[in-house]
Amino acid sequence: DVKVTQSSRYLVKRTGEKVFLECVQDMDHENMFWYRQDPGLGLRLIYFSYDVKMKEKGDIPEGYSVSREKKERFSLILESASTNQTSMYLCASSDPPRPEAFFGQGTRLTVV
Amino acid sequence: AQSVTQLGSHVSVSEGALVLLRCNYSSSVPPYLFWYVQYPNQGLQLLLKYTTGATLVKGINGFEAEFKKSETSFHLTKPSAHMSDAAEYFCAVTPSNTGKLIFGQGTTLQVKP
């Protein structure tokens, strides 16, 4: 089975802090994704990466950056956390030509 | 641009009753379609997917969905609800095989005893 592991289940951070969310997948997948989940809005794509050191903006990249130095690891960075970034963050990976994505367990981030 | 609409943010059924969760999509090209389930405080788990071929797709836990191109729909059904089916369900679409998915807003399924 594909395993996508997010380093934290719950995080509480202060406004203005730099926050790192880490994600690791163990199946040598090419593509990795960061989504944000909010009630009534479903999941929205923040960034995705189709290769090491390659990234592409999703629908809501403002206030976020990403890093992919190794194939198995994809990090989401909140440069200066704000309260409107309080949300559930989900990491996913996929392996073309299979079209489906496999998700981690999520990180619930609260910014106070 | 592709989009997904799930009709009804909350659906409530009695245990043993039919489950029907509705999903309509817009896509300029034949899409790949998915249903995912999310249990409380968990990630998303793939229930089923449509890629090509047979339009009636069977998934895990007794769920199935039918791709109807003329109606641009991909509704999820289960003949008999179980208490353990209570969760949030997401319909998703992608026009390519990158895994880059566009999600609906989600439907919370409540199962009453």
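Quick note: structure is the one above.
As a starting point, this report considers the structure included with it. Every value quoted in this text rests on a predicted model; they were computed, and no experiment measured them.

## Some words on the overall build of chain B
For chain B, the count of helices and strands is zero helices and 11 strands. Across chain B, helices and strands are ordered from the amino to the carboxyl terminus as β-β-β-β-β-β-β-β-β-β-β. The principal-axis extents of the C-alpha atoms in chain B amount to approximately 40 × 30 × 20 Å. For chain B, with 113 residues in total, the buried portion stands at 41%. Restricting to contacts in chain B with at least 6 residues of sequence separation, those with at least 24 account for 56%. On chain B, roughly 5,300 Å² of surface is accessible, and the fraction owed to carbon and sulfur atoms is 53%. When the 8 basic and 6 acidic side-chain charges of chain B are each reduced to a single mean position, those positions are 7 Å apart.

## Regarding the sheet that holds strand S7 (residues 64-68) of chain B
Residue and element names in this part refer to chain B. What the five strands build is an open sheet, ordered S1-S3-S8-S7-S6; its pairing is antiparallel. Whereas interior strands pair on both sides, the edge strands pair on one side only; in this sheet they are strand S1 (3-7) and strand S6 (56-58). With direction set aside, neighbouring strand axes in the sheet form an average angle of 20 degrees. Here strand S3 (residues 19-26) pairs with strand S8 (residues 73-78) via four bridges, running antiparallel. Bridging across to S8, Asn24 finds its partner in Ser73.

## Topic: the interface of chain B and chain A
A common measure of how large an interface is: the accessible area buried when the components associate. Residue-level contacts link 23 residues of chain B with 26 residues of chain A. Each partner contributes to the roughly 1,800 Å² buried at the junction of chain B and chain A, and carbon and sulfur atoms together form 54% of this total. Looking at the side of chain B facing chain A, the largest losses of area belong to Asn41, Asn97 and Lys100 of chain B, adding up to 28% of the total buried there. The interface formed by chain B and chain A contains two salt bridges. The shortest N-O distance in the salt bridge between Lys49 of chain B and Glu100 of chain A comes to 2.8 Å. Linking chain B with chain A are nine residue pairs in polar contact (both at pLDDT 80 or more), by the criterion used here. Mapped by element, the contributors of at least two residues to the side of chain B that touches chain A are strand S4 (32-38), strand S5 (44-50) and strand S9 (87-94) of chain B. Here the side of chain B that touches chain A takes four residues from S4 of chain B, the largest share from any one element.

## So, the nonpolar core
Within the largest apolar cluster, 26 residues are counted, with the highest numbers of intra-cluster contacts made by Trp35, Leu47, Leu48, Phe74, Leu76 and Tyr89 of chain B. Every element with two or more residues in this core is listed here: strand S2 (10-14), S3, S4, S5, S7, S8, S9 and strand S11 (107-112) of chain B. If sequence neighbours within four positions are ignored, Leu47 of chain B has contacts with Trp35, Tyr36, Val37, Gly59, Ile60, Asn61, Phe63, Leu76 and Tyr89 of chain B. With 20 residues, the next largest nonpolar core counts Val19, Met32, Phe74 and Cys91 of chain A among its residues.

## A look at the pairing of S3 of chain B
Residues and elements named next belong to chain B. Residues Val19, Leu21, Cys23 and Tyr25 line the buried face of S3, whereas the alternating positions Leu20, Arg22, Asn24 and Ser26 sit on a face that is not buried. Note: S1 against S3, five bridges, orientation antiparallel. From the neighbouring strand, Val4 faces S3, where its bridge partner is Tyr25.

## Points about the sheet that holds strand S3 (residues 19-25) of chain A
All names here are of chain A. Spatial ordering of the open sheet is given by S1-S3-S8-S7, a layout of four strands whose pairing is antiparallel. Each end of this open sheet is capped by a strand with a single partner; those strands are strand S1 (4-6) and strand S7 (64-70). When the angles between neighbouring strand axes are averaged without regard to direction, this sheet yields 20 degrees. Taken together, the six bridges between S3 and strand S8 (residues 73-78) define a ladder with antiparallel strand orientation. Counted as the bridge partner of Val19 is Leu78 from S8.

Criteria and cut-off values
- Residues numbered from 1 in each chain as written.
- Chains lettered and ligands numbered in written order.
- Predicted model: local features only at pLDDT ≥ 70, side-chain atom pairs only at ≥ 80, totals over all residues.
- Heavy atoms only, no water.
- Helix = DSSP H or I, 4+ residues; strand = E, 2+ residues; numbered from the N terminus.
- Buried < 20%, exposed > 50% of the residue type's maximum accessible area, 1.4 Å probe, protein only.
- Contact = heavy atoms within 4.5 Å.
- Areas by Shrake-Rupley, 256 points an atom, 1.4 Å probe, with all protein chains shown as cover.
- Lys, Arg positive; Asp, Glu negative; His and termini not counted.
- Charge placed at Lys NZ, Arg CZ, Asp CG, Glu CD.
- Pairing = 2+ DSSP bridges.
- Axes fitted to C-alpha atoms, helices over the stretch in contact; angles between N-to-C directions.
- Buried area = accessible area lost by both parts, 1.4 Å probe.
- Salt bridge = Lys/Arg side-chain N within 4 Å of Asp/Glu carboxyl O.
- Polar contact = N/O pair within 3.5 Å; in protein donor to acceptor, adjacent residues only side chain to side chain.
- Core = buried A, V, L, I, M, F, W, Y, C linked by side-chain atoms within 4.5 Å.

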